[in-house]
Each structure stands twice: as structure tokens, then as C-alpha cells.
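The primary structure of each chain is shown beneath.
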Amino acid sequence: FSYGTFYPNKWSKESVNAELEKYYLEKIKDLDLREPEFTYNNDIQFVRAMHKCIDYINFTTPKSKRVPWEMIIGQAALESGWGKSRFAKEGNNLFGKKKWPGWGVRVFASKCDSVKEYMRLLNEHSAYADFREKRNSTFDPIELIKTLDKFSTTPDYDKRVIRMINKIRKLETK
């Protein structure tokens, strides 16, 4: 027995975990899972539909690229008026994302596609580098939302999302 057997170094553990995660993600793709239905008539149903969508996306997303569900639902609820906005109803756009060039609102095939794009932006766009850096040390949605100062031009945007997260937490108890 060697020292490394009982006390593997950090690099070895990360390497094994990365390979294991890659293996499971490949196996999950083989399952050919389908996107869940996204139906709702009130705020509680909206939260439940969002949960199903986020769980579906997270099932096929590496842990390092996941976004706290409360943060996703909080922003979607705020941006789309709990899924009641015209953009959400007609364009499946839960986050008010623009399409380029110009200022038209982007249309998505499904509301889950809107969530996927939101997560992709947070994971890839240079404007959200602070979010990715902070996520390395915490997964707390209240702390992470404070890094998204470029998501909106509204000065107190983070405070509005935090209030929405607190409302969602209360709905979760119902």
C-alpha cells in the first residue's frame, strides 16, 4: 500500500471525479430523456414547472455548470411576471432576452429552452465572469445574484430578485 492509496492527492480525486461524471453524462444521453411539460395556472404551479425543467436540465449538465434553482426561478418570475408576460406566453421567453441584431425579443421553442439559454449565458458570456468565479466558493443564490449587475440596467435588480427568492421560499412551504 502506498501513501496515495489512503490519501489521494487533490488532482487524482478531481481527475477520477471528472471521468466518472463524464461517464454518467454519456449514460444519461443514452436514456434519451424528454423535456418535461411546462404548464401552470398560478405562481405555485409556475414554481413546480420551473423545478421540473431545471431538474431535467441539471440531470444532463455537469455540476460545475449548474445554477442555483432559486436564482433561476427568482429571475424568471421577476422578468416574466410569474410566466404571465406576453414574451413568456407567445415567445417562451422567461428572461426577456433580446435577439441580435436589433432589440426584438427572442423566441424559444419551449420555456425550458429559455432556461437552457439563460444558463448558457451565465456559463459562457464574459459579462458573467464574476458569477462563475463566485460560484467556485459558494452556491448561495443570494450571494450569486449580487454578481449579475450586468443582467439588468435596473440599479436595485439584485434586491428585487432576492425579494422574489424569498417569496419562492415561502411558496415552497405550501
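The following refers to the structure shown.

Here is what the cut-offs are and how they apply
Residues numbered from 1 in each chain as written. Predicted model: local features only at pLDDT ≥ 70, side-chain atom pairs only at ≥ 80, totals over all residues. Heavy atoms only, no water. Helix = DSSP H or I, 4+ residues; strand = E, 2+ residues; numbered from the N terminus. Expected span 1.5 Å × (residues − 1). Buried < 20%, exposed > 50% of the residue type's maximum accessible area, 1.4 Å probe, protein only. Contact = heavy atoms within 4.5 Å. Disulfide = S-S within 2.5 Å. Patch = residues over 30% accessible without salt bridge, like charges linked within 9 Å, V, L, I, M, F, W, Y side chains within 5 Å. Areas by Shrake-Rupley, 256 points an atom, 1.4 Å probe, with all protein chains shown as cover. Salt bridge = Lys/Arg side-chain N within 4 Å of Asp/Glu carboxyl O. Lys, Arg positive; Asp, Glu negative; His and termini not counted. Charge placed at Lys NZ, Arg CZ, Asp CG, Glu CD. Phe/Tyr/Trp six-rings, centres within 6.5 Å; stacked < 30°, edge-to-face > 60°.

This paragraph deals with helix α9 (residues 157–172). What sets the pattern is the α-helix's 3.6 residues per turn: residues three or four places apart point alike. With 16 residues, α9 extends 23 Å from end C-alpha to end C-alpha; this agrees with the ideal 22 Å at 1.5 Å per step. Y157, D158, V161, I162, M164, I165, I168 and L171 are the residues of α9 that are buried. At its buried positions, α9 is contacted by α3 (43–59), α4 (69–80) and α8 (141–145).

Before going further, it helps to spend a moment on the state of the cysteines. Enumeration according to the criterion identifies 1 disulfide in this entry. The disulfide partner of C53 is C112, and the S-S distance across this bridge is 2.2 Å. Taken as a pair, C53 in helix α3 and C112 in helix α6 (residues 111–124) lie far apart in primary sequence, 59 residues in all. Given the relative accessible area of 0%, C53 is considered buried. According to the relative accessible area criterion, C112 is buried, its value standing at 0%.

This paragraph deals with a positive patch on the surface. Taken together, the side chains of K159, R163, K167 and K170 define a basic patch exposed on the protein surface. Tracing the sequence through the fold places K170 in helix α9.

Relative to the helices and strands, L121 resides in helix α6. Residue class for L121 comes out buried when judged on its relative accessible area of 13%. Setting aside chain neighbours within four positions, we find L121 in contact with K97, Y128 and R132.

This brings us to the packing of aromatic side chains. Evaluated as defined, the whole model comprises 8 aromatic pairs. Seen in terms of ring centroids, Y40 and F46 are 5.2 Å apart; in terms of plane orientation they differ by 80°. Their pairing is edge-to-face. Classification of F46 as buried rests on a relative accessible area of 0%. Ring geometry for Y118 and F151: centres 5.9 Å apart, planes at 80°, overall edge-to-face. In this pair, Y118 is assigned in helix α6 and F151 in the loop between α8 and α9, connecting sequence segments 33 residues apart.

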